[in-house]
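Single-letter residue listing:
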There are 2 protein chains.
Amino acid sequence: MGGSARRAHAHAPATLSNLGCGFDVLGLALEAPGDEVVASIASGRGVVAVGVTGEEAGVPGDPTRNSAALAAQAVIDRSGLDAGVEILLRKGIPFASGLGGSAASAVAGALATDELLGSRLDGGALLECALQGELSGSGSEAADNVAASLTGGLVLALPGRPPVVVRLPAPAGLAVAVARPHLEVETRVARELLGAEITLAAGVRQWGNTAGLVAGLFREEWELIARCLRDEVAEPVRAGLVPGFREAKAAALRAGSLGAGLSGSGPAVFALCRGRNAAECAADAMQKAFGEHSGLGCDAFVSAADAPGARIVPESTGALAGDDARTPPRASQL
Amino acid sequence: MGGSARRAHAHAPATLSNLGCGFDVLGLALEAPGDEVVASIASGRGVVAVGVTGEEAGVPGDPTRNSAALAAQAVIDRSGLDAGVEILLRKGIPFASGLGGSAASAVAGALATDELLGSRLDGGALLECALQGELSGSGSEAADNVAASLTGGLVLALPGRPPVVVRLPAPAGLAVAVARPHLEVETRVARELLGAEITLAAGVRQWGNTAGLVAGLFREEWELIARCLRDEVAEPVRAGLVPGFREAKAAALRAGSLGAGLSGSGPAVFALCRGRNAAECAADAMQKAFGEHSGLGCDAFVSAADAPGARIVPESTGALAGDDARTPPRASQL
């Protein structure tokens, strides 16, 4: 596809972030759900229209506040073309769920728009454009969700301009369980809770654990991975935002997971597991715990830890429509 | 050698700690200098006498304050034997130099005493005994120096009781330059400077860098290693303690090192380098910078990054004496 195409279609996966010890620096792409963007040439200049379908509740349709549209605008600006673009965003990721929804929208918006305009940008430039969209969506400059959604797999995103993205190895069989209680936690609110300082002692434990987790991933040492999946910084402050979180986490650990915690600012809870069957058990246990202890409805699903990143969806199958075979697989509901 | 030996002799190397981004969790053993302990059976119970020779200025001879003696006492207590032990400590590592002197004394004291009493303790128990000595010497519970001195090479020491020690790979050719200006910085004083809190933003950069450094070491990605050798926490506060530090660091970077910083609380400055020749250049540059900008005398030397850890010195060559062939190699003075 080149600059002469009239439309382009991209898919970007949901992501976990923080992963226990890696507040703002670790991300992991999920097999599903995901967001999709179809970008089309339109009359006018810049992003002239935005439509939102799917899990659209809470997602701003205003082009100056929508993360897909802002990322698309950043791509247009970088490309230096006098183009008008219309964005159709199909949300597969629920709003404020802790699954990187604004990041996935931004990545899909950037990727579809770049494809529409002739694939002028490299990966680093796409990352920066997507980050401009994400900043508006979450109020965070952290690149963890955006980098994982763009790249796929398990990534380390070092803060900076531009961020440095390091793909980390996922040991064979590493899988993740996700439970998403039906509750919204706004990232901005959860960030304000944290305050501007942490204790040095908590910091030492945290950077020991991030270093140990990375070593465990390279060595495929499950015990070390499990030892390091601890959040000394955000979880102690944020746990109270999600009724049933502590019980769900405890249930995942009892079910044999390596470790569990809030994804991003929650409410989604992840559990890293050794093998997909173990992840299915942990997902089931967390879903039951939320039902028993919070009264909240809850989706639960599993994913490999090495899921692919964002991709262009070929035009022959690319029309945005309902939940038919042409849309990406939805999260399985246990 | 067994429980019937009348004396045992151990050598433990000096170590770097922190290594830029790994405050209190990363350590690296040096080829030289090192401390040595000869432990001998004596009448009485516990550590009955301590002698100190070599670079002894500042090192307490009191058994209740000497880190080698305290580690030896911990070994006696753990062994459950009603033994009397005399300790002769030969300091090769200058006091308060930032090169893990109290840790090396503790490791040598623990190892020699355990050998004297019949090698009853495993590596984990030796680590804990040495940590008891180190706590008195530095006021720190951090295990980074002790773990590196005991194990050798580049280690990650996760805080806890007991600490978890993870040996990290050193890419082929990784070498280190060390400059030690003739100045004492007491660890206790340098720790008090830090205060109890850090900013969350500095913390995020720090644990991003520790994770990235570990990934760089596993992947042998020199650029990533260099990117992550930054201390966001201790160096900004402590740099002022060491006249000429900033100029020495800048000189090491100009000489092509991957990164440089204070070792522990200083005054020693390390520079990680790609290849031993590069390390020789960085050592020379740092030594000159200290001479020009601080007026301090300065030793400088180099080491591989995969130097061996503590060892028993065979009795046939084990007498503590002057700087003859039976003592370990001293740091080369450039």
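Residues numbered from 1 in each chain as written. Chains lettered and ligands numbered in written order. Predicted model: local features only at pLDDT ≥ 70, side-chain atom pairs only at ≥ 80, totals over all residues. Heavy atoms only, no water.

1. Concerning the overall build of chain A
Definition in use: The secondary structure listing takes helices from DSSP runs of H or I that are at least 4 residues long and strands from runs of E that are at least 2 residues long, numbered from the N terminus. Each radius of gyration reported is based on C-alpha atoms, and the globular scaling rule is 2.2 Å times the count of residues to the power 0.38. Three exposure classes are used, based on accessible area relative to the maximum for each residue type with a 1.4 Å probe and protein chains only: buried under 20%, partly exposed in between, and exposed over 50%. Contact criterion: two residues are considered in contact whenever any of their non-hydrogen atoms come within 4.5 Å of each other. Each accessible area is a Shrake-Rupley estimate made with a 1.4 Å probe; only the visible protein chains count as cover when residues are assessed.
In terms of helices and strands, chain A carries ten helices and twelve strands. Relative to the compact-globule value of 20 Å for 334 residues, chain A shows a C-alpha radius of gyration of 19 Å, a close match. Summarising its shape, the C-alpha atoms of chain A cover approximately 55 × 40 × 35 Å along the three principal directions. Here chain A holds 334 residues, and the buried ones make up 60% of them. Looking at chain A alone, contacts between residues at least 24 apart form 75% of all its contacts between residues at least 6 apart. Here chain A displays about 11800 Å² of accessible surface, and carbon together with sulfur accounts for 49% of that area.

2. Some thoughts on the interface of chain A and chain B
Put simply, the rule reads: Take the accessible area each of two parts loses on contact, using a 1.4 Å probe, and add the two losses: that sum is the buried area. For this document, the term salt bridge refers to a Lys or Arg side-chain nitrogen within 4 Å of an Asp or Glu carboxyl oxygen. Pairs of N or O atoms are called polar contacts if they sit within 3.5 Å, as long as, within protein, a hydrogen donor faces a hydrogen acceptor (for residues adjacent in sequence, only side-chain-to-side-chain pairs). Nonpolar residues are Ala, Val, Leu, Ile, Met, Phe, Trp, Tyr, Cys and Pro. Charged residues are Asp, Glu, Lys and Arg, and all others, Gly as well, are polar. Here, a strand pair is defined by DSSP locating no fewer than two bridges between the strands.
Contact with chain A, which involves 37 residues of that partner, is made by 36 residues of chain B. Buried surface at the junction of chain A and chain B, summed over both partners, amounts to about 2900 Å²; 74% is from carbon and sulfur atoms. In this structure, the connection of chain A to chain B is made through zero salt bridges. Counting across the chain A and chain B interface gives twelve residue pairs in polar contact (both at pLDDT 80 or more). Among the secondary structure elements, those contributing two or more residues to the side of chain A that touches chain B are β2 (22–41), β5 (154–158), β6 (164–168), β8 (197–199), α6 (200–219) and α7 (222–228) of chain A. Counting residues per element, the side of chain A that touches chain B draws most heavily on α6(A), at 14 residues. A class-by-class count of the residues in the side of chain A that touches chain B yields 23 nonpolar, eight polar and six charged. Here β8(A) runs beside strand β8 (residues 197–199) of chain B; their pairing, made up of three bridges, is antiparallel. Looking at β8(B), one finds that A:Ile198 is bridged to B:Ile198.

3. A short note on unusual backbone geometry
A cis amide bond links A:Arg161 with the next residue in sequence, A:Pro162, at an omega value of -5 degrees. Relative to the assigned elements, A:Pro162 resides in the loop between β5 and β6. That bond from B:Ala32 to B:Pro33 is cis: its omega, 0 degrees, falls within 30 degrees of zero. Tracing the backbone through its elements, the reader meets B:Pro33 in strand β2 (residues 22–41). A positive phi is found at A:Leu19, a non-glycine position, where the angle reads about 50 degrees. Counting through the fold element by element, A:Leu19 comes out in the loop between β1 (7–18) and β2. The backbone of A:Ser119 shows a phi angle near 50 degrees, a positive value even though the residue is not glycine. For A:Ser119, the position within the fold is in the loop between α2 (101–116) and α3 (123–138). You can call A:Ser119 partly exposed: its relative accessible area is 41%.

4. A closer look at the sheet that holds strand β7 (residues 174–181) of chain B
Residues and elements named next belong to chain B. Condition: Every angle, taken between N-to-C directions, lies between 0 and 180 degrees, and every axis is a line fitted to C-alpha atoms, over only the stretch in contact when it is a helix.
An order of β9-β10-β7-β11 is seen for the four strands of this open sheet, with the pairing classed as antiparallel. The sheet is open, and its two borders are formed by β9 (259–262) and β11 (298–304), each paired with just one other strand. On average, each strand axis in the sheet is tilted by 20 degrees relative to the strand beside it, whichever way the strands run. Sheet topology note: the β7/strand β10 (residues 269–274) ladder contains six bridges and is antiparallel. Looking at the pairing, Val-176 lines up with Leu-272 of β10. This element, helix α9 (residues 245–254), spans β9 and β10 of the sheet and lies at about 160 degrees to β9. The sheet strands contacting helix α10 (residues 276–293) are β7, β10 and β11, and the helix crosses β11 at an angle near 165 degrees.

5. Details of the sheet that holds strand β11 (residues 298–304) of chain A
All names here are of chain A. Across the sheet, four strands lie side by side as β9-β10-β7-β11; this open sheet has antiparallel pairing. The outermost strands of the open sheet, each flanked by one partner alone, are β9 (259–262) and β11. Neighbour-to-neighbour, the strand axes of the sheet open up by a mean angle of 20 degrees, direction not taken into account.

6. Notes on the packing of α2(A) against helix α4 (residues 144–151) of chain A
Residue and element names in this part refer to chain A. Where we set the bar: Angular relationships are summarised with four words: roughly parallel below 35 degrees, roughly antiparallel beyond 145, roughly perpendicular across 65 to 115, and oblique for the angles in between. In this scheme, a crossing is called left-handed if the near helix is turned counterclockwise away from the far one by less than a right angle; it is called right-handed if the turn is clockwise.
Two numbers describe how α2 lies on α4: the axes approach to 9 Å, and their chain directions differ by 50 degrees. As the angle between them shows, α2 and α4 are arranged oblique. As α2 packs across α4, the resulting crossing turns out to be right-handed. Between α2 and α4, the residues in contact are Ala-103, Ala-104 and Val-107 and Asn-145, Val-146, Ser-149 and Leu-150, respectively. Class assignment for the residues of the contact of α2 with α4 results in five nonpolar, two polar and no charged.

7. As for helix α2 (residues 101–116) of chain B
Note the cut-off: In a helix, the anticipated span is given by 1.5 Å times the number of residues less one.
Spanning 16 residues, α2(B) covers 22 Å between terminal C-alpha atoms, matching the ideal 22 Å at 1.5 Å per step. Taken across its 16 residues, α2(B) has 15 buried, putting it largely inside the fold.

8. Thoughts on the pattern of salt bridges
With the rule as written, the count across this model stands at 22 salt bridges over all chains. Between A:Lys249 and A:Glu235 there is a salt bridge, with the nearest N and O atoms lying 2.6 Å from each other. One end of the pair, A:Lys249, is in helix α9 (residues 245–254); the other, A:Glu235, is in helix α8 (residues 235–238), and 14 residues separate them in sequence. Judged by relative accessible area, A:Glu235 falls into the buried class, the value being 13%. With a shortest N-O distance of 2.6 Å, B:Asp82 and B:Arg45 are connected by a salt bridge.

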